[in-house]
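Topology and contacts: notes
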Amino acid sequence: MYDNPVSILMNKIICQLQIVHKINTELAYARLDLQKALKGGGDVNRARKRVGWLEDRMENLLGKKRVRVSFDTQTDFGRTFYEL
């Protein structure tokens, strides 16, 4: 049933999409933790490392390169912008 190349490729892509979605969700929580750490004086380094680690995993899966990282608390709370 799933022996043709198109079905195999489709299943691979769906699996990758699910993984990227889970990492993206975790990255959103990590960014919130970073925001809270920046505002409340928590462990900022740990939160930044977590965000960076998750962003690196996304880069590896999606094959994109990081353009700029900003930790400006007034604008983007540590979001990383990627080239599309």
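A brief structural summary. (Residues numbered from 1 in each chain as written. Predicted model: local features only at pLDDT ≥ 70, side-chain atom pairs only at ≥ 80, totals over all residues. Heavy atoms only, no water.)

Comments concerning the environment of Glu26
With respect to the secondary-structure elements, Glu26 resides in helix 1 (residues 5-40). Residue classification places Glu26 among the partly exposed positions, given a relative accessible area of 33%. Separated by 24 residues in the primary sequence, Glu26 and Arg50 have C-alpha atoms spaced 9.7 Å apart. The residues touching Glu26, leaving out its near neighbours within four places in the chain, are Arg50 and Leu54. (Helix = DSSP H or I, 4+ residues; strand = E, 2+ residues; numbered from the N terminus. Buried < 20%, exposed > 50% of the residue type's maximum accessible area, 1.4 Å probe, protein only. Contact = heavy atoms within 4.5 Å.)

Things to note about the pattern of salt bridges
Taken as a whole, this structure holds three salt bridges when the rule is applied. A salt bridge links Asp33 to Arg50, with the shortest nitrogen-to-oxygen separation between them at 2.4 Å. Of this pair, Asp33 sits in helix 1 while Arg50 sits in helix 2 (residues 44-62), and the two are 17 residues apart along the sequence. Salt bridges sharing common partners tie together Glu26, Asp33 and Arg50. (Salt bridge = Lys/Arg side-chain N within 4 Å of Asp/Glu carboxyl O.)

A look at helix 2
If you check helix 2, its first and last C-alpha atoms are 27 Å apart, about what 19 residues at 1.5 Å a residue would give, namely 27 Å. Where helix 2 is concerned, the buried positions are Val44, Ala47, Val51, Gly52, Leu54, Glu55, Met58 and Glu59. Each buried residue of helix 2 sits inside an arc of 165° when the element is viewed along its axis, so together they form one side. Helix 2 presents Asn45, Arg46, Lys49 and Asn60 as exposed residues on the side facing more than 90 degrees away from its buried surface. Phi turns positive, to about 70°, at Gly63, one or two residues after helix 2. (Expected span 1.5 Å × (residues − 1). Arc of directions from axis to C-beta.)

Description of the nonpolar core
Counting residues in each nonpolar core, the largest one holds eleven residues, listed as Val20, Ile23, Leu27, Ala30, Leu34, Ala37, Val44, Ala47, Val51, Leu54 and Met58. Elements that contribute at least two residues to this core include exactly helix 1 and helix 2. The dominant element in this core, judged by the number of residues it contributes, is helix 1, at six residues. When sequence neighbours within four positions are dropped, the list of residues in contact with Val20 reads Met58, Leu61 and Leu62. (Core = buried A, V, L, I, M, F, W, Y, C linked by side-chain atoms within 4.5 Å.)

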